[in-house]
Amino acid sequence: MARFDPRTHYLSREIAESYDADRFAGPAGRIFNRLEQRSVGAALRCLERSSLVLDIPCGTGRITDWILARGHRVVGADISGSMIAVARRRLQRYDGNVAYQLADGQGLPFKDATFDCVTSIRFLSHFDGASRGKFLREFARVSARFVIVSYAYSSAWLRLRRRIKYTFHRGTPVRFVVTGQELADEIEGAGLCEARRFWTAPFLSEEVILLLEKAR
C-alpha cells in the first residue's frame, strides 16, 4: 500500500467526490460529525457576525458550511482543486458570502491580518512538528486576531485506545499526536496564546479544538 501523503492524496477527483460518504455516512461518522460541529460552533462564538474567516483546508466545504450558517463570510482555501469543486457545488446557496482560493497553507497568498479568524480542522495532525509550526505561523500571520485549529492530543488512555482502534479498523490513522508540552511550544512559537479548548468527544476521541488568539 502506498504511503499516505496529505499533500497529494486529496488531489484525486474520485477521493474528493467520495470523501464525505466514506467518513460521515455511517452511524459513528454522523455522531462524530455532530459532536465536532458542536465544538467548532462553540469556538466560533468568539466572532462578531459577518466576520471574515479563512477556512483552510476547506476540503468539501463541511466546516465552511458551519461557518457560513453562523452568518460569517468565508474564503475556502485548499491545495486540491477537486475538493474545492465539491465545496463550490455543495455551498451554492451561500453565493456572495463565500469565495475559493487554491493555496498551500505554508505560503498563503494573503496579506498580513487579512482575516478576522483562520480555521483549520482535522489537518495539522497529518504533519510532523516542524511542518505544523510553519502552518500555524502562517495562519497567525494572515489573521488579525483568532485562529481555530484541531490537534490530536496524546494521553496514556488515548494512546491505548488508538492502538486498539487501528488494530481492527481499516483506514487512515492519525499520523501525529501531540503532548501537552509540544502543543504549548507550537502555540507560543507561532505568537499565539490559548484562549479555550473544546474536546470533541472526551475519552473517545483524540481531537481537541483550540481557540487561539494572537499574543499582544
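Cut-offs and rules
- Residues numbered from 1 in each chain as written.
- Predicted model: local features only at pLDDT ≥ 70, side-chain atom pairs only at ≥ 80, totals over all residues.
- Heavy atoms only, no water.
- Pairing = 2+ DSSP bridges.
- Helix = DSSP H or I, 4+ residues; strand = E, 2+ residues; numbered from the N terminus.
- Axes fitted to C-alpha atoms, helices over the stretch in contact; angles between N-to-C directions.
- Contact = heavy atoms within 4.5 Å.
- Core = buried A, V, L, I, M, F, W, Y, C linked by side-chain atoms within 4.5 Å.
- Buried < 20%, exposed > 50% of the residue type's maximum accessible area, 1.4 Å probe, protein only.
- Parallel < 35°, antiparallel > 145°, perpendicular 65-115°, else oblique.
- Left-handed = near helix turned anticlockwise from the far one by under 90°.
- Nonpolar A, V, L, I, M, F, W, Y, C, P; charged D, E, K, R; others polar.
- Polar contact = N/O pair within 3.5 Å; in protein donor to acceptor, adjacent residues only side chain to side chain.

Draft legend 1. Seen up close, the sheet that holds strand 4 (residues 115–120). Across the sheet, which stays open at both edges, the seven strands sit in the order 3-2-1-4-5-7-6 with mixed pairing between neighbours. Only two strands of the sheet have a single neighbouring strand rather than two, namely strand 3 (98–102) and strand 6 (192–199). Across the sheet, the axes of successive neighbouring strands diverge by a mean angle of 20°, strand direction being ignored. Bridge count between strand 5 (residues 143–152) and strand 7 (residues 207–214): seven bridges; the pairing is antiparallel. Note on strand 7: the bridge partner recorded for Val-149 is Leu-210. Along the sheet, helix 8 (residues 180–189) makes contact with strand 5, strand 6 and strand 7, crossing strand 6 at roughly 135°.

Draft legend 2. The nonpolar core, seen in detail. Core analysis: the largest hydrophobic core is formed by 30 residues, its most contacted members being Leu-54, Leu-136, Phe-139, Val-149 and Tyr-151. Listed by contribution, the elements that provide at least two residues to this core are strand 1 (52–55), strand 2 (73–78), strand 4, helix 6 (129–142), strand 5, helix 8 and strand 7. Here this core takes five residues from helix 6, the largest share from any one element. Within the second largest apolar cluster, 25 residues are counted, among which are Cys-58, Ile-84, Ala-87 and Tyr-100.

Draft legend 3. Geometry of the packing of helix 3 (residues 27–44) against helix 4 (residues 62–69). Two numbers describe how helix 3 lies on helix 4: the axes approach to 11 Å, and their chain directions differ by 45°. Here helix 3 is positioned oblique relative to helix 4, judged by the angle of their axes. The handedness of the crossing between helix 3 and helix 4 is right-handed. Across from Asn-33, Glu-36, Gln-37, Val-40 and Leu-44 in helix 3, the residues of helix 4 making contact are Arg-62, Ile-63, Trp-66 and Ile-67. Residue composition of the contact of helix 3 with helix 4, by class: five nonpolar, two polar and two charged.

Draft legend 4. Looking closely at helix 5 (residues 81–90). Taken together, the buried positions of helix 5 are occupied by Ser-82, Met-83, Ile-84, Val-86 and Ala-87. Those residues of helix 5 that are buried lie in contact with helix 2 (13–24), strand 2 and strand 3. At the N-terminal end of helix 5, a side-chain oxygen is found 3.3 Å from the backbone nitrogen of Ser-82, two or three residues along, and the residue is Ser-80.

Draft legend 5. Layout of the packing of helix 6 against helix 8. Where helix 6 contacts helix 8, the axes come no closer than 9 Å and their chain directions differ by 40°. In terms of their interaxial angle, helix 6 and helix 8 are classed as oblique. Remark: the crossing between helix 6 and helix 8 carries right-handed chirality. In this structure, helix 6 uses Gly-129, Arg-132, Leu-136 and Arg-137 to contact helix 8, whose residues at the interface are Glu-186, Ile-187 and Gly-189. Residues of the contact of helix 6 with helix 8, tallied by class, amount to two nonpolar, two polar and three charged.

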